[in-house]
Amino acid sequence: MIPTKKEMEQCWDGRFPFKLFEILQSSMVSIAGLGGLGSHIAVMLARSGVGKLHLVDFDCVEMSNLNRQEYDVRHIGQYKTQALCQRLLEINPYIEIVTDTLRITAENASTLFSKSPIVCEAFDMPDQKAMLINTVLEQCPNTVIVSGNGMAGYGSANTIQTRKFNKRLYICGDEKTDVQSGIGLMAPRVSVCAGHQANQVIRILLNETENELC
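Scoring rules and cut-offs
- Each chain has its residues counted from 1, following the order in which its sequence is written.
- This being a predicted model, a pLDDT of at least 70 is required before a residue's local features are given, and a value of 80 or more before pairs of side-chain atoms are given or counted; all residues contribute to the totals for chains, interfaces and linings.
- With hydrogens and water excluded, all non-hydrogen atoms of the structure serve as input to the side-chain values.
- Throughout this description, the term nonpolar core refers to a set of buried Ala, Val, Leu, Ile, Met, Phe, Trp, Tyr and Cys residues connected via side-chain atoms within 4.5 Å.
- The cut-offs for exposure are 20% and 50% of the maximum accessible area for each residue type, with area from a 1.4 Å probe on protein chains only; residues under the lower value are buried, those over the upper are exposed, and the others partly exposed.
- Helix numbers and strand numbers start at the N terminus; a helix is a DSSP run of H or I with at least 4 residues, a strand a run of E with at least 2.
- By definition, residues are in contact when any of their heavy atoms lie within 4.5 Å.
- What goes into a patch is any residue over 30% in relative accessible area without a salt bridge, connected to like charges within 9 Å or, for nonpolar side chains (Val, Leu, Ile, Met, Phe, Trp, Tyr), within 5 Å.
- Note on areas: Shrake-Rupley with a 1.4 Å probe; residue coverage comes only from the protein chains shown.
- Basic side-chain nitrogens of Lys or Arg form a salt bridge, by our definition, when they fall within 4 Å of a carboxyl oxygen of Asp or Glu.
- Two aromatic rings from Phe, Tyr or Trp, using only the six-membered ring of Trp, form a pair when their centres are within 6.5 Å; if the ring planes differ by under 30 degrees the pair is stacked, by over 60 it is edge-to-face, and anything between is tilted.
- Definition used: whenever NZ (Lys) or CZ (Arg) falls within 6 Å of the ring centre and also within 35 degrees of the ring normal, the charge is taken to sit over that ring.
- In this description, strands pair whenever DSSP reports at least two bridges between them.
- Angles shown run from 0 to 180 degrees and are taken between the N-to-C directions of axes, each axis being a line fitted to C-alpha atoms and, for helices, limited to the stretch in contact.
- Call a crossover right-handed when, viewed with both strands pointing away from you, the route from the first strand across the helix to the second goes clockwise.

Engineer: Explain the nonpolar core to me, please; I cannot follow it from the model alone.
Structural biologist: Note that soluble globular proteins tend to have their nonpolar side chains buried in a common cluster. Counting 42 residues, the largest nonpolar core has Val 29, Leu 45, Leu 53, Leu 55 and Leu 88 as its most contacted members. Looking at this core, the elements that each hand over two or more residues are β1 (28-32), α3 (36-48), β2 (52-56), α4 (80-91), β4 (118-121), β5 (144-148), β7 (169-173) and α7 (187-205). Ranked by residues supplied to this core, first place goes to α7 with 8 residues. For Val 29, the residues in contact, after removing those within four places along its chain, are Leu 45, Val 50, Lys 52, Leu 53, His 54, Ile 118, Cys 120, Val 201 and Leu 205. By size, the runner-up hydrophobic cluster in this structure holds 16 residues, among which are Ala 32, Phe 123, Ile 145 and Leu 169.

What follows is the structure in structure tokens.
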């Protein structure tokens, strides 16, 4: 039995102040890339009460994704946008989800994200990360970008942190470990970095960043 929207909203009473839920419920966040970072970020934001998510990815779920991404065997072969949308609606059937199943490029990034208050960059490759960050900062003047950089391997999770570079760019990760470094991607560190990104998004939405330093 699916709970009513009112019953879902009551989940946030007590342990989660309803006035904060109301702010998050009226907010919108875009997620660029739905792999280890992006799929976890989406689930965390959905569970936290963000009312609208914009999901963008071109890829399909593969068996090799299951060790660190928010998918299971039933999703293999589906587009990640489709699979993650299904997963999120199982968590909160009243969340609004917009999907774009395409590859993000320097040519279309501005069109995709110019109306987004916040974009979570969740790509694997450094050149893709740089492309999206640069394009958003240059062409989307009203958009803040929260990026993940450095979460590979199984080293101490304590080295993963959030750093503010300027008013519109936050970097989460250890800024050292590269997915191409040969140490692989493990679910715990990827999830920790995703948690940093999701938490930073919530802080921005709740206007809790005015005292943070670059």
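Engineer: Looking at this model, I keep getting lost on a nonpolar patch on the surface. Mind explaining?
Structural biologist: Taken together, the side chains of Met 63, Val 73 and Ile 76 define a hydrophobic patch exposed on the protein surface, amounting to about 300 Å² of accessible area. Residue position: Ile 76 is located in the loop between β2 and α4. Here Ile 76 falls in the partly exposed class, since its relative accessible area comes to 34%.

Engineer: Would you take a moment to explain unusual backbone geometry for this structure?
Structural biologist: Residues other than glycine predominantly adopt negative phi, and peptide bonds predominantly adopt the trans conformation. Notably, Glu 175 is not glycine yet its phi reads approximately 60°, a positive angle. Inspection of the secondary structure assignment puts Glu 175 in the loop between β7 and α7. With a phi angle near 60°, Asn 207 is a residue other than glycine that sits in the positive phi range. Judged by its relative accessible area of 56%, Asn 207 is exposed.

Engineer: How should the pattern of salt bridges be read in this particular structure?
Structural biologist: Oppositely charged side chains can pair when the atoms bearing their charge come close. What the rule picks out here adds up to 8 salt bridges. When the shortest N-O distance is used, the salt bridge between Arg 163 and Glu 175 registers 3.0 Å. Residue Arg 163 is found in strand β6 (residues 161-166), and its partner Glu 175 is found in the loop between β7 and α7; the two are separated by 12 residues along the sequence. Judged by its relative accessible area of 34%, Arg 163 is partly exposed. Where Asp 174 meets Arg 189, a salt bridge forms, and the shortest distance between an N and an O atom there is 3.2 Å. Here Asp 174 is found in the loop between β7 and α7, whereas its partner Arg 189 is found in helix α7, with 15 residues between them in sequence. The same class applies to Asp 174 as to Arg 189, namely buried. Ionic contacts of the salt-bridge type, sharing partners, join the residues Glu 70, Asp 72, Arg 74, Arg 87 and Glu 90 into one network.

Engineer: How do you make sense of the packing of aromatic side chains when you look at a structure like this?
Structural biologist: Aromatic ring pairs: the centre-centre distance and the angle between the two ring planes describe each pair. Summed over all chains, the structure comprises 0 aromatic pairs. When the ring centre of Phe 58 is taken as origin, the NZ or CZ atom of Arg 103, which lies over that ring, is 3.9 Å away.

Engineer: Before we go on, may I ask you to explain the sheet that holds strand β3 (residues 96-100) in this structure?
Structural biologist: Strands pair in a sheet through their backbones, by hydrogen bonds, and they do so in one of two ways: parallel or antiparallel. One open sheet accounts for 7 strands, arranged β3-β2-β1-β4-β5-β7-β6; its pairing is mixed. A strand with exactly one partner marks an edge of an open sheet, and here the two such strands are β3 and β6. Taking each pair of neighbouring strands and ignoring which way they run, the sheet shows an average axis angle of 20°. With 4 bridges connecting them, β5 and β7 associate as parallel partners.

Engineer: Would you mind going over the pairing of β5 with me for this structure?
Structural biologist: The side chains of a regular strand alternate, first on one face of the sheet and then on the other. Counting buried positions along β5 gives 5 out of 5 residues, so the element sits mostly inside the fold. Neither face of β5 is left uncovered, since the one carrying Val 144, Val 146 and Gly 148 and the one carrying Ile 145 and Ser 147 both have all their residues buried. Of the pairings in the sheet, the one linking β4 to β5 comprises 4 bridges and is parallel in character. In the sheet register, Ile 118 faces β5, and the bridge partner there is Val 144. Of the crossover connections in this fold, the one passing from β4 over helix α6 (residues 126-139) to the parallel β5 is right-handed.

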